[in-house]
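Examining the three-dimensional arrangement
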Amino acid sequence: MITVSILIWLLIYICGRWKICGNSVFKNRIVMTMVIIIFNLQPTIIKNSFYMFKCINIYRQDSPVLHLESDLNVECWEGDHFKWALGLALPSIILWGMILPLSLLFYLRKKKNQLDESYIKEKYCFIYAGYKQHHFYWEFVVLLRKMGFISVSVFIS
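Re the packing of helix α2 (residues 24-51) against helix α4 (residues 118-128)
Packing of α2 against α4 brings their axes to within 8 Å, and their N-to-C directions diverge by 10 degrees. Classified by the angle their axes make, α2 and α4 are roughly parallel. Of the residues in α4, those in contact with N28, V31, M32, V35, I36 and F39 of α2 are Y119, E122, K123, Y124, F126 and I127. Residue composition of the contact of α2 with α4, by class: 9 nonpolar, 1 polar and 2 charged.

Concerning the packing of aromatic side chains
Enumeration according to the criterion identifies 8 aromatic pairs in this entry. Between F50 and F155, the ring centres sit 5.8 Å apart and the planes meet at 70 degrees, which makes this aromatic pair edge-to-face. One end of the pair, F50, is in helix α2; the other, F155, is in helix α5 (residues 138-156), with 105 residues separating them in the sequence. Classification of F155 as partly exposed rests on a relative accessible area of 39%. Look at Y107 and Y124: their rings are 5.3 Å apart centre to centre, the planes differ by 55 degrees, and that puts the pair in the tilted class. Taken together, the residues Y107 in helix α3 (residues 79-110) and Y124 in helix α4 connect sequence positions 17 residues apart. Accessibility expressed as a relative area gives 11% for Y124, which makes it buried. By way of ring pairs, the aromatic residues F39, F126 and F140 are connected into one cluster.

A short note on the nonpolar core
Here is a general trend for soluble globular proteins: nonpolar side chains tend to be buried in one another's company. Ranked by size, the top nonpolar core spans 13 residues in total, and within it F39, L104, L108, Y124, I127, Y128 and F140 carry the most contacts. Per-element tally for this core: the top contributor is α4, with 4 residues. Here Y128 is in contact with L108, L115, I120, K121 and F136, once residues within four sequence places are set aside. Counting 7 residues, the second-largest nonpolar core is a separate cluster that includes I93, M147, I150 and V154.

Quick notes on the environment of L66
With respect to the helices and strands, the residue L66 is situated in strand β2 (residues 66-68). Among the residues examined, L66 registers a relative accessible area of 37% and is labelled partly exposed. Sequence separation between L66 and K54 is 12 residues; the distance between their C-alpha atoms is 9.4 Å. The contact partners of L66, leaving out residues within four places of it in the chain, are C55, I56, N57, V74, E75 and C76.

Here's the deal with the sheet that holds strand β3 (residues 71-75)
On the basis of which strands lie adjacent, the open sheet formed by 3 strands has the order β1-β2-β3 and antiparallel pairing. Whereas interior strands pair on both sides, the edge strands pair on one side only; in this sheet they are β1 (55-57) and β3. With strand direction ignored, the average angle separating the axes of adjacent strands in the sheet is 50 degrees.

Focus: α5
The terminal C-alpha atoms of α5 lie 27 Å apart, and with 19 residues this matches the ideal 27 Å at 1.5 Å per residue to within 8%. Listing the buried residues of α5 in full gives E139, F140, V142, L143, M147, I150, S151 and V154. Those residues of α5 that are buried are in contact with α2, α3 and α4.

Examining the environment of N48
Mapped onto the fold, N48 is located in helix α2. Looking at N48, the relative accessible area reads 43%, which means it is partly exposed.

The rules we used
- Residues numbered from 1 in each chain as written.
- Predicted model: local features only at pLDDT ≥ 70, side-chain atom pairs only at ≥ 80, totals over all residues.
- Heavy atoms only, no water.
- Axes fitted to C-alpha atoms, helices over the stretch in contact; angles between N-to-C directions.
- Helix = DSSP H or I, 4+ residues; strand = E, 2+ residues; numbered from the N terminus.
- Parallel < 35°, antiparallel > 145°, perpendicular 65-115°, else oblique.
- Contact = heavy atoms within 4.5 Å.
- Nonpolar A, V, L, I, M, F, W, Y, C, P; charged D, E, K, R; others polar.
- Phe/Tyr/Trp six-rings, centres within 6.5 Å; stacked < 30°, edge-to-face > 60°.
- Buried < 20%, exposed > 50% of the residue type's maximum accessible area, 1.4 Å probe, protein only.
- Core = buried A, V, L, I, M, F, W, Y, C linked by side-chain atoms within 4.5 Å.
- Pairing = 2+ DSSP bridges.
- Expected span 1.5 Å × (residues − 1).

Next up, the structure:
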């Protein structure tokens, strides 16, 4: 999806015969597009990653055998499930749920006095535009709340 958006922006600039190399507007729009895509994909990726850990017992209670709720043919924590859960789902939760939002939060915190500057605004205003400048971090509070709701909805339902 990110590649497609970059290609679309590239085509727009080529068709407009604008200079691409060194063009800060082009780079800012690429970053802005990636930030918007990441913020829109994050809940779905987190939800699907949490589903890799939702296992249910379909046998007797005295000797439970856990199976993946979304595919009862997959036995939890055995063979491929173990590899997928720890090799893909857990790193996805860590990357999309913690590393990406925290790195963006720390970057914005570092630039908190420059949030009205055009080079920052063009890239990241999607995140903090609806808040007062000193509350730029609030979207990350909303993200944490979303992650909490997603995890509760996956494991409670």
